[in-house]
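Working through the structure, step by step
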Amino acid sequence: MGRKKNTVDLDVARGIAPGLVAKTKKRLVVASGSSHPALSQQVAEALGTEIVPTEHRTFASGEILTRFEVSIRGCDAFLIQSFGPPVNEWLMETLIMLDAAKRASAKRITVVAPYYPYSRQDKKGRGREPISARLVADLFKTAGADRVMSVDLHAAQIQGFFDGPVDHLFAKPVLLEYFERTLSADDRAKLTVVSPDTGRVRVADQWSDSLDAPLAIIHKRRDPNVANQVTVNEIVGHVAGRVCLLVDDMIDTGGTIVKAAQALKANGAERVIVAATHAVFSAPATERLQDDAIDEVVVTDTIPLPPEKQFPGLTILPIAPLLARAIHEVFEDGSVTSMFDGAA
């Protein structure tokens, strides 16, 4: 029996170059690193698929090995890895998985990093410092990533560090829906959106517009020689008798947020609610965030939070639906920007 010939498309009249028409169709696959398997599973379920069977091994020497147990040749692969602690182990595993996917002939590989590693090292604050966020982008590219997807980058300029497309997603729709559903009419009438520092004013201003609430700004100073030490200087805006919504991209040790909340309460704020995308929660964040100055903390699950880091008054919102929709748009050559009213 003779081999079936490929169809030849010579329809140059329609402006199509002559060539062979293959029967191969695009195939989306979701691979998961070891850092946040629950999130990867939720994303896969939202997309209507399953996680690619993958072997993860750590040898006695500490070396990492990953191997895809099924063929991913020609696939559009989305590798989901969040970068909570231990960040360096997850980073190394991601690079090894990228190399494995590249050598397995995946057609396109996208790193889905809900929380981008080393994102706070996006510029030189002093002489002889590294720009580690750029280094991470170079590592992703060298290892085989064609595209990067992340949520609420610490600085938008990080998009320019990667030599390829970067999909910068925003958790604001997820958080905003929660507050629109849970804040009472009385709370909405007294609501003030607060930026914890001048660096987040633009984001807080967008929240202010969305919630039709006034904006306040906290001016702080940080000692460049002492990590995680913040001094609050003054509050710009009216907060007395108001329900204050503090918005930030991440909470690490909680020092900035707690100092801001204490300053708001000292200036007469009725309630203080904290909203953040990334719950890094390095010690002693869990203890600090239970301070009397904070009435509620709302975060997303871009980073896994073990039970010992959770506490009364903490609300964790799922980010998987947002990631799944963005992955679908990328795979279908759709528009990620349309998910955020043209802001992405």
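Note: the structure precedes this text.
Remember, it's a predicted structure, so these values are computed and weren't measured experimentally.

Definitions and cut-offs
Residues numbered from 1 in each chain as written. Predicted model: local features only at pLDDT ≥ 70, side-chain atom pairs only at ≥ 80, totals over all residues. Heavy atoms only, no water. Helix = DSSP H or I, 4+ residues; strand = E, 2+ residues; numbered from the N terminus. Buried < 20%, exposed > 50% of the residue type's maximum accessible area, 1.4 Å probe, protein only. Contact = heavy atoms within 4.5 Å. Areas by Shrake-Rupley, 256 points an atom, 1.4 Å probe, with all protein chains shown as cover. Axes fitted to C-alpha atoms, helices over the stretch in contact; angles between N-to-C directions. Parallel < 35°, antiparallel > 145°, perpendicular 65-115°, else oblique. Nonpolar A, V, L, I, M, F, W, Y, C, P; charged D, E, K, R; others polar. Salt bridge = Lys/Arg side-chain N within 4 Å of Asp/Glu carboxyl O. Pairing = 2+ DSSP bridges. Core = buried A, V, L, I, M, F, W, Y, C linked by side-chain atoms within 4.5 Å. Phe/Tyr/Trp six-rings, centres within 6.5 Å; stacked < 30°, edge-to-face > 60°. Lys NZ or Arg CZ within 6 Å of the ring centre and 35° of its normal.

Brief notes about the overall build of the protein chain
The secondary structure content of the protein chain amounts to nine helices and 16 strands. Looking at the protein chain as a whole, 47% of its 344 residues qualify as buried. Restricting the contact set of the protein chain to residue pairs at least 6 apart, pairs at least 24 apart contribute 61%. On the protein chain, roughly 17200 Å² of surface is accessible, and the fraction owed to carbon and sulfur atoms is 50%.

Here's the deal with the packing of helix α2 (residues 87-103) against helix α3 (residues 132-143)
Two elements in contact, α2 and α3, have axes separated by 8 Å at closest approach and are oriented at 25°. The orientation of α2 with respect to α3, classified from their angle, is roughly parallel. Across from Leu91, Thr94, Leu95, Leu98, Asp99 and Lys102 in α2, the residues of α3 making contact are Val136, Leu139, Phe140, Thr142 and Ala143. The residue inventory of the contact of α2 with α3, partitioned by class, reads seven nonpolar, two polar and two charged.

Side note on the pattern of salt bridges
As enumerated under the stated definition, the model contains 17 salt bridges in all. With a closest N to O distance of 3.8 Å, Lys123 and Asp122 form a salt bridge. Here Asp122 falls in the buried class, since its relative accessible area comes to 5%. Salt-bridge contacts for Arg271 lead to Asp187; the nearest nitrogen and oxygen are separated by 3.0 Å. Of the two residues, Arg271 is situated in strand β14 (residues 271-279) and Asp187 in helix α5 (residues 185-189); the sequence distance between them amounts to 84 residues.

Quick word on the sheet that holds strand β8 (residues 147-151)
Here we have five strands laid out as an open sheet, ordered β3-β6-β7-β8-β9, and parallel in their pairing. The open sheet has two free edges, formed respectively by β3 (28-32) and β9 (166-169), since each of these has just one partner strand. On average, each strand axis in the sheet is inclined to that of its neighbour by 20°, with strand direction left out of account. Note: β8 against β9, four bridges, orientation parallel. By the bridge assignment for β9, Val148 is matched with Val166. In this fold helix α1 (residues 37-47) packs onto β3 and β6 (76-80), with an angle of close to 165° to the strand it touches most, β3.

Looking at the nonpolar core
Ranked by size, the top nonpolar core spans 42 residues in total, and within it Val43, Leu169, Phe179, Trp207, Leu211, Leu245 and Leu323 carry the most contacts. A total of eight residues in this core trace back to one element, the largest contributor, which is helix α9 (residues 320-331). Residues in contact with Val43, not counting those within four places in the same chain, are Ile80, Ala320, Leu323, Ala324 and Ile327.

Focus on the environment of Pro85
By the secondary structure assignment, Pro85 is in the loop between β6 and α2. Each C-alpha atom of the pair Pro85 and Ser35 lies 8.5 Å from the other, and the pair is 50 residues apart in sequence. Beyond its immediate sequence surroundings of up to four residues, Pro85 is in contact with Trp90 and Lys309.

A short note on the packing of aromatic side chains
Under the counting rule described, the total for this entry stands at six aromatic pairs. Taken together, a centroid distance of 6.3 Å and an interplanar angle of 40° make the contact between Phe83 and Phe140 tilted. With Phe83 in the loop between β6 and α2 and Phe140 in helix α3, the pair connects residues that are 57 residues apart, well separated along the chain. Here Phe83 falls in the buried class, since its relative accessible area comes to 2%. Look at Phe140 and you get buried, because its relative accessible area is 0%. Judged by centre distance (5.3 Å) and plane angle (75°), the ring pair of Tyr178 and Phe179 falls under edge-to-face. With a relative accessible area of 1%, Phe179 lands in the buried category. Clustering of aromatic rings is evident, with ring pairs tying together Phe83, Tyr116 and Phe140. The aromatic ring of Phe331 is capped on one face by Lys26, whose charged end is 4.7 Å from the ring centroid.

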